[in-house]
Every structure is written in structure tokens, then in C-alpha cells.
Amino acid sequence: MNLKRNYKILPFNQFDKNFLFIFLSSGALIGFLPVCPGTFGSLEGLIFFWFLKDFPFIYQLLIISGIIILGIISSDFTSKLLKNDDPDFVIIDEIAGMWIGVAGKHTLLEFILAFIIFRIIDIQKPYPLKKFEKLPNGWGIMADDIIAGFLTNILVIILIYIAKSLTLI
């Protein structure tokens, strides 16, 4: 599969020269999948974080901070390169948001619940998430998903607490 041909907006010479930023912002090229790149990006983030779930929480936070910084820089560069506020293939924001959504979680149930809640929040963009998309370039790309990740994490905690108090789990 030749990715240069699949993304016609980007001239060949710019794709080669800026491959690192495109690679990072597209979640190791997962963002170039023809259908549901955001969902696949969230799933990619979920799978990667599964291997980090047993790390101490402070290390998880440091790793998440790193992906957020990397996401802001790479998505900012890519959006400026393409002159597009939020290119479809940029999914590092979904990865970072998903990581925030599962930070401190350890069970498969928590991960599945976080994935479903995160995708609903990310797709629906409830108030005030839409406002954060208006921030410039990389900040606007990342901010709504970062907040969606925090909301997801809180909702998972609440739902698990309710399920345990009702002895459902």
C-alpha cells in the first residue's frame, strides 16, 4: 500500500521530508486507514496502554504527559504543513485521550467501558468540548480529546463504584 497516493493533498516531496511528524501524528500510520481512523486510533491507544497498566500511577502520568507533548508538537506541525486545522488522519489526540481515560485502570472491564465511553464522548462532543477544538492548531486538535479522556476516567470510576455497590460486579 502506497500511503503517498492515498493522501492526495500532501505532495510527495513533503511527505518524505516530514515523515516523522506524519508518522507520529497519524498513530504510526493507523490514521491512514480508510474507515473509522479515530476509532482505530482509540483502540490502538487502548491496546498499547494495556501493557502499561501495571506501571506505577506516577509513571503512567509521566508517559501520558509525554504523549500529550508529542501530540501537540506533531499535530501542530502536520496541521500547518497541510493548512488544515484538523486533518482526518491525525489520531494522536485519540491515543492520548484514551490513555487518560484508562490511567489507573487495571481490569478488562474498565478498559472496555473506557473505550465505549470515550468513543461516545469523542464523537458526540458534548459542551464544552466543541469550544476547545477552536484553539489554534495542535492545541485545538489535542485539547478536546484530553478533556474527553478525563471525563471518561471519571465516568468509569463512578460506574464501577455504582456497579460494585449494587453487587453487580
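The coordinates are above.
Described below are features of the structure shown in this document. All residue numbers refer to positions counted from 1 along the written sequence of the respective chain. Note on the predicted model: pLDDT of at least 70 is required for a residue's local features to be given, and 80 or more for side-chain atom pairs to be given and counted; whole-chain, interface and lining totals, by contrast, use all residues. The basis for every side-chain value is the complete set of heavy atoms in the structure, and neither hydrogens nor water enter the calculation.

### Some remarks on the nonpolar core
Note on terminology: a nonpolar core comprises buried Ala, Val, Leu, Ile, Met, Phe, Trp, Tyr and Cys residues joined through side-chain atoms within 4.5 Å. Only protein chains enter the accessibility calculation, which uses a 1.4 Å probe. A residue is then buried if its area is under 20% of the maximum for its type, exposed if over 50%, and partly exposed in between. Counting 34 residues, the largest nonpolar core has Phe-49, Ile-64, Ile-68, Met-98, Trp-99 and Val-102 as its most contacted members. Mapped by element, the contributors of at least two residues to this core are α4 (37-50), α5 (57-82), α6 (92-102), α7 (108-124) and α9 (137-165). A per-element tally of this core places α6 first, with seven residues. It only takes one pair of heavy atoms within 4.5 Å for two residues to be counted as in contact. Not counting residues up to four positions away in its chain, the partners in contact with Ile-68 are Ala-96, Ile-100, Met-142 and Ile-146. The secondary structure listing takes helices from DSSP runs of H or I that are at least 4 residues long and strands from runs of E that are at least 2 residues long, numbered from the N terminus.

### Quick word on the environment of Pro-128
Within the element layout of this structure, Pro-128 appears in the loop between α7 and α8 (129-132). Given the relative accessible area of 33%, Pro-128 is considered partly exposed. For the pair Pro-128 and Gly-71, spaced 57 residues apart in sequence, the C-alpha to C-alpha distance is 21 Å.

### Considering α6
The element α6 is extensively covered by neighbouring structure, given that 11 of its 11 residues are classed as buried. Taken residue by residue, α6 has Ile-92, Asp-93, Glu-94, Ile-95, Ala-96, Gly-97, Met-98, Trp-99, Ile-100, Gly-101 and Val-102 as its buried positions. Looking at the buried residues of α6, the elements they touch are α3 (19-25), α4, α5, α7 and α9. In the segment just after α6, Gly-104 is the residue with positive phi, at about 80°.

### As for the pattern of salt bridges
Definition used for salt bridges: Asp or Glu carboxyl oxygen within 4 Å of a side-chain nitrogen of Lys or Arg. Counting across every chain of the model gives six salt bridges. Across the salt bridge formed by Arg-119 and Asp-122, the nearest N and O atoms sit 2.7 Å from each other. Here the residue Arg-119 and the residue Asp-122 both occupy positions in helix α7, the gap between them amounting to three residues, near one helical turn. Both residues of the pair, Arg-119 and Asp-122, belong to the buried class.

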